[in-house]
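Structure at a glance
Spelled out, the chains give:
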Amino acid sequence: MTDSPPSPRPNRRSPVLIRTRDVTKEYRKGDLVTQALKGVNCEIRRGEFIAVMGPSGSGKSTFFNVIGALVTPSSGRVLVDEVDVAQLDRDELAFIRCKKIGYIFQTYNLVQALTALENVMISMLFAGVLEDDARTRGMALLERVGLRDRWDHSPKQLSGGQQQRVAIARSLANEPRILLCDEPTANLDHATGQDIINLLVELNKVDGVTIICATHDYRMIDRCDRVFWIRDGLIDKIQQRSEITIRLAGMADQ
Amino acid sequence: MLEVREQSRLPLPKLLRICKLSIAHRILRSAVTVFIIALAISFLTSILASGYLGRAARDAVLEETKELGAYSRFLAALQPFSDEAAVLAWLARVGDNPEQFGNLLRWTGWSEATARAHLASAAEYQTLLDFLGTLPTGERALLVGSSRGLQILGKLEAPSTREEFFAHLKSLKSVRLTIPPDRVARLLNGWTEFRGVLDVVRRGNLRSLQEIEKTFAPEGAAKALAREAREDRAGEFFKTLAQGGLGFNPSEAEAIARGAIFEERLQAAMMVARNPSVRSGWRAAFNEDYSPARVLVAAAESPRHLQWIIEQWKRDNPEGTAFNQEEFVSVSREFAQSRAAFAAEQELTGRYGREKGFDPRTLWLVAVSFLVCVVGIANAMLMSVLERFKEIATMKCLGARNATIGFLFIFESLAMGVLGGLVGIGIALIVAVIPPLIWNGNWLVKNFPFGDLAFTFGAGLLAGLILSGLAAIYPAGVASRMAPLEAMRVD
C-alpha cells in the first residue's frame, strides 16, 4: 500500500463511486412518522474526501448510514460502485460492508476480547482470507498506523488514539473503496485528533481511498475536498474546500 | 450477486478461540453459568449412576448367594401351599417357566389350553389384589371393612357390596382404579368358580408331594438329595422328582444340588458350634452373645477364636472323634461370606430401591432442574448479548453474516455446556460413584457396571450440550438480528 504512487486528485472525470437518487427514509414510532430524509440526490467521486455536517436531528446520521449500507432507504436508489444497496438482501449487504466499505467509529469499537492484531484480522477472516495471509497483512497494516510493536496488546492496554489507529487499520483490512468515519476525533484530545486526521488525509492523498466523514472538527473540514451541509432531511448546500478555507479564516478573525 | 458465496464462514478453530476469549473475558458470569449446568448434569447423572451401581452390586450379591437361594426355594417347593393366596401367587408367577407349567399340568391333568386360560385369570386376580393392597389403609377400610387378602374378593362378590365399592372408588379422588371397571366386575363375578380352580391346584400339589414323600421315605427328599449329590447322582434324583410332579430347570437343579451339599457341610459345622462347652463357655471367653452363626463367623475371621473352638471340641470328645479343621474353616468362611452378601443385598435394596429408572417424583425434580438450568443459561447469554451490542454490531459492520454471529453465541453456550457437563460428571463421580465403592466395594468390584456408567456420563454430557444449545437459541437469535447501525450508538 505504501508503495503505491500518489493518486491524482479527483476531478470531474473521476468515476462516480456513490450516487443517490431521491433517497427518502421514514421512521415510524406507533402513529408518528418522522421523515429523516426527504429526497436526497448526490454524487461522490472516487478519491474524494467528503465532510458531512449538520445539526443534530437534521438527518445527517441517516444520510451517513444510508450511503454506508447500514440502513436501507424507504424509497430511492443508493448506488455504491454501481450496485443498488436498496435491492440487496442481508447477506449481500454483509458482503458489501465486508469488501467495499471500511467503518471507523467515534468510540473505536474494538472487540475487547481480542488483541490488536486479531481485531485487524477478524474482518479479513469474515471475508474468507486464509489465516496466515490475514496475519501477514494485519501486521503490515499495524505497521502502517505505527503500532507494529503493540500487536498483542488488548484494547484495554491501548490509549484512545492507539485504539482508533487499530480501528483504522482494521477498516482498511479488505482494501475497501470507501472509508466511512463517524466523528473519528470526537473522543480524542487535540494532538491525538490531529494525528488521526493526518493519517486519514494521508490515506486519502497517497492511497486514493475515498473518505466520507461525519464531523464537527474544523481541522477535518480544513483538509477535505467538499462539505455536504445537511438540513431538514435534504442536502442544504455542497461547498468546495476553497470556499470553506475563506470561512475558516473569517472564524479565526472573530 | 454470485460473489457473496465466496464469503466464507469463520473457521472453527478461530470460532472456538473467540468463544474462549469471550468466556474468559466475563469469567465470573461464565463460571456461574457453568456451575448451574454442572449442578443440573450432576443431579441427573448421579441419580442414574447410583441406580446402575445399586443394581450391579445387588446382581453380584445374588450371584454369590445363588446356590443357597436355589436350595431354599427347593425346600419351599417341598412344602404344600399354605393357603389359597399362596396358590394364586404361585399361579400368577408361573408365566413362561416350562418346568413350573409342566408341574401344573401334572398336578391338575388339565389340557395346555385350559391351563393357559387359568394362568391368565390368575395373573388378573393377582393384579387386582395388588391394586387393592396399594390402597391407603383408611380408604381400604372404608371400601371393604376389615377384610384382607382374598377375603376382599369374596366380599365384593355380593352385587350390593360391589356397587357400593365402585361408588366409593369413584368418589375417592386420590385413588385411581387402573383396571377397567367392567373387567373388575367380570373378575369378581367369576371368583367363586375360580376358587374351585385354586382348590384343584392345591390338591394336586398335595397329592404330588405325598407321592414324593413316599418315594423318598423314610429319610425325606432333602436328605436324599444331599446323599445323591455327594455321590454325583443329582441328575437321577431330579428325574425321579420330576416324575413325581416337581420339575426344576437343569441350571436351577445344579445350583440346588450344590446348595444341598453346602447345607450338609454347614450342618456339620453347626454341630461343632452347638457343642455344650462352646455354648456355655462362649460368653465367658469372649464377652459376646452366643449364637451358632456367630461362632462360625468368628471362626472364619479370627485364629484365636478358632483355636478356642478346637480346644472345646477336644474336651467334649475325649475319645478323639476326628475334627477336620480345614473343612471347618472353609465352611465357616463360605458361611460368613454368604451372610455378608445377604446383609449387603438388604442394604442395597433399601438404599436404591428395587425399581428400575426414575420414579415420577425424581423425574419431576430432574425436569425442574433442567428448566431452571435452561432459563439460567439463557438469561446469562442474553445479558452477554445485550451488553456486547456494540461489539456484535461492529462485527456486522466488518462483514459478519447473521449466521456467523448466531453461531458465535451458540458456540459460546455449547462450550459452557460441555464444560458444565464435564464438571457435573466429576461431581457425580464424587457424590454417587465413590461412596458406594467404599461401602459396597467387594460386591461392586465383582460386577462393576463400566458400560452403564459410560452410558450415564455420555448421557450427562449430551444433556449438557442439549440444554446449553436450547438455551442459546433465543439469545443467539437476538444477536444475529441486531442491526449493524447499533455500532454507531454513543453512550
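Residues numbered from 1 in each chain as written. Chains lettered and ligands numbered in written order. Predicted model: local features only at pLDDT ≥ 70, side-chain atom pairs only at ≥ 80, totals over all residues.

1. Some thoughts on the overall build of chain A
Along chain A, the regular secondary structure elements total eight helices and ten strands. A total of 254 residues make up chain A; the buried ones form 46% of that total. Put simply, of all contacts in chain A between residues at least 6 apart along the chain, 68% involve residues at least 24 apart. (Helix = DSSP H or I, 4+ residues; strand = E, 2+ residues; numbered from the N terminus. Buried ≥ 20, exposed ≤ 12 C-beta atoms within 10 Å, placed from the backbone. Contact = placed C-beta atoms within 7 Å.)

2. Brief notes about unusual backbone geometry
Residues and elements named next belong to chain A. Of note, Asp81 is a non-glycine position whose phi angle comes to about 55°, a positive value. Following the sequence through the fold, Asp81 ends up in the loop between strand 4 (75–80) and strand 5 (83–84). The exposure class assigned to Asp81 is partly exposed, which follows from the 17 C-beta atoms found within 10 Å. Even without being glycine, Asp232 reaches a positive phi, approximately 50°.

3. With respect to helix 20 (residues 389–397) of chain B
In an α-helix, one full turn covers 3.6 residues, which means residues spaced three or four apart are oriented alike. Summarising burial for helix 20 of chain B: eight of the nine residues are buried, a large majority. Among all positions in helix 20 of chain B, only Lys390, Glu391, Ile392, Ala393, Thr394, Met395, Lys396 and Cys397 of chain B are buried. Buried residues along helix 20 of chain B sit against helix 2 (90–99) and strand 6 (101–104) of chain A together with helix 21 (402–439) and helix 23 (450–481) of chain B. Of the residues flanking the end of helix 20 of chain B, it is Gly399 of chain B, one or two places downstream, whose phi is positive at about 110°.

4. Notes on the sheet that holds strand 4 of chain A
Residue and element names in this part refer to chain A. Taken in spatial order, the four strands make up an open sheet running 2-1-4-5, and their pairing is antiparallel. Of all strands in the sheet, those bounded by a partner on one side alone are strand 2 (32–45) and strand 5. As paired strands, strand 1 (residues 16–29) and strand 4 are joined by five bridges and run antiparallel to one another. If you follow Arg21 over to strand 4, its bridge partner there is Arg77. (Pairing = 2+ DSSP bridges.)

5. Points about the sheet that holds strand 8 (residues 210–214) of chain A
Residue and element names in this part refer to chain A. The sheet built from six strands is open, its strands ordered 6-7-8-3-9-10 with mixed pairing. Across the chains shown, the open sheet's two edge strands, defined by having one partner strand only, are strand 6 and strand 10 (234–240). With strand direction ignored, the average angle separating the axes of adjacent strands in the sheet is 20°. On the sheet, helix 5 (residues 160–171) packs against strand 6 and strand 7 (178–182) and is oriented at approximately 170° with respect to strand 6. (Axes fitted to C-alpha atoms, helices over the stretch in contact; angles between N-to-C directions.)

6. Here we look at the nonpolar core
Ile50 and Val52 of chain A together with Ile37 and Ile377 of chain B are the most contacted members of the largest nonpolar core, which totals 132 residues. Counting residues per element, this core draws most heavily on helix 2 (residues 27–64) of chain B, which supplies 16 residues. If we ignore the near neighbours within four places in the chain, the residues touching Ile50 of chain A are Ile44, Ile211, Ile212, Cys213, Cys224, Asp225, Arg226 and Phe228 of chain A. Judged by nonpolar contacts, the second largest core, of 22 residues, contains Ile212, Phe216, Ala221 and Ala234 of chain B. (Core = buried A, V, L, I, M, F, W, Y, C linked by C-beta atoms within 7 Å.)

7. So, the pairing of strand 6 of chain A
All names here are of chain A. The alternating pattern of strand 6 places Ile101 and Tyr103 on one face and Gly102 and Ile104 on the opposite face, and all of these are buried. In this structure, strand 6 lies alongside strand 7, joined through four bridges in parallel fashion. Bridging across to strand 7, Tyr103 finds its partner in Leu180.

8. A look at the interface of chain B and chain A
Counting from both sides, the interface comprises 29 residues of chain B and, opposite them, 27 residues of chain A. Elements with a minimum of two residues in the side of chain B that touches chain A: helix 1 (12–25), helix 20 and helix 21 of chain B. For the side of chain B that touches chain A, a count of residues per class yields 14 nonpolar, eight polar and seven charged. (Nonpolar A, V, L, I, M, F, W, Y, C, P; charged D, E, K, R; others polar.)

9. Points about the confidence of the model for chain A
Within chain A, residue pLDDT values average 86, and 91% of them lie at 70 or more. Note that pLDDT drops below 50 for residues 248–254 of chain A; the model gives that stretch two contacts with residues more than four away or on any other chain. (pLDDT = per-residue confidence, 0-100.)

10. Notes on the packing of helix 3 (residues 66–77) of chain B against helix 14 (residues 250–273) of chain B
A pair of packed helices can be characterised by two numbers: the angle between their axes and the separation between those axes. Residues and elements named next belong to chain B. At a closest axis distance of 7 Å, the pairing of helix 3 and helix 14 adopts a crossing angle of 95°. Taken together, helix 3 and helix 14 sit at an angle that is classed as roughly perpendicular. Where helix 3 abuts helix 14, its residues Lys66, Glu67, Leu68, Ala70, Tyr71 and Phe74 lie against Glu252, Ala255, Ile256, Arg258, Gly259, Ala260, Phe262 and Glu263. Taken together, the residues that form the contact of helix 3 with helix 14 break down as eight nonpolar, one polar and five charged. (Parallel < 35°, antiparallel > 145°, perpendicular 65-115°, else oblique.)

11. So, helix 17 (residues 303–316) of chain B
All names here are of chain B. When the terminal C-alpha atoms of helix 17 are compared, their 20 Å separation across 14 residues agrees well with the 20 Å that a helix rising 1.5 Å per residue should span. His305, Trp308, Ile309 and Gln312 are the residues of helix 17 that are buried. Angular distribution of buried residues about the axis of helix 17 spans 100°; they occupy a single face of the element. Those residues of helix 17 that are exposed and angled more than 90 degrees off the buried face are Pro303 and Gln307. Where the residues of helix 17 are buried, they touch helix 14, helix 15 (276–286) and helix 16 (292–301). (Expected span 1.5 Å × (residues − 1). Arc of directions from axis to C-beta.)

12. A look at the confidence of the model for chain B
A residue-level look at chain B finds 94% of positions with pLDDT of 70 or above and a mean pLDDT of 83. Taken element by element, chain B is modelled with least confidence in helix 22 (residues 441–446) of chain B, mean pLDDT 72, and with most confidence in helix 23 of chain B, mean pLDDT 93.

13. A look at the pairing of strand 1 of chain A
Residues and elements named next belong to chain A. When strand 1 meets strand 2, the two strands line up antiparallel, connected through eleven bridges. The residue bridging Ile18 from the neighbouring strand is Ile44, located in strand 2. Linking strand 1 to strand 2, which pair antiparallel, is a turn of two residues; within it Gly30 sits at a positive phi near 65°.

14. Let's talk about the environment of Thr45 of chain B
Residue and element names in this part refer to chain B. As for its placement among the helices and strands, Thr45 is situated in helix 2. The class of Thr45 is buried, set by 29 C-beta atoms lying within 10 Å. C-alpha separation for the pair Thr45 and Leu429, spaced 384 residues apart in sequence, amounts to 8.8 Å. Ignoring anything within four residues of it in the chain, the contact list for Thr45 reads Gly424, Ile425, Ala428, Thr456, Phe457 and Gly460.

15. A closer look at the packing of helix 15 of chain B against helix 17 of chain B
Residues and elements named next belong to chain B. For the pair helix 15 and helix 17, interaxial distance at closest approach is 9 Å and the crossing angle is 140°. Classified by the interaxial angle, the pair formed by helix 15 and helix 17 is oblique. Between helix 15 and helix 17 lies a crossing whose hand is right-handed. Here Pro276, Ser277, Val278, Gly281 and Ala285 of helix 15 lie close against helix 17, whose contacting residues are Trp308, Ile309, Gln312, Arg315 and Asp316. Looking at side-chain class alone, the contact of helix 15 with helix 17 contains five nonpolar, three polar and two charged residues. (Left-handed = near helix turned anticlockwise from the far one by under 90°.)

16. Some points on the environment of Gln240 of chain A
Residues and elements named next belong to chain A. Its location among the elements puts Gln240 in strand 10. A count of 11 C-beta atoms within 10 Å places Gln240 in the exposed class. Sequence-wise, Gln240 and Phe228 are twelve residues apart; in three dimensions their C-alpha atoms are separated by 9.2 Å.

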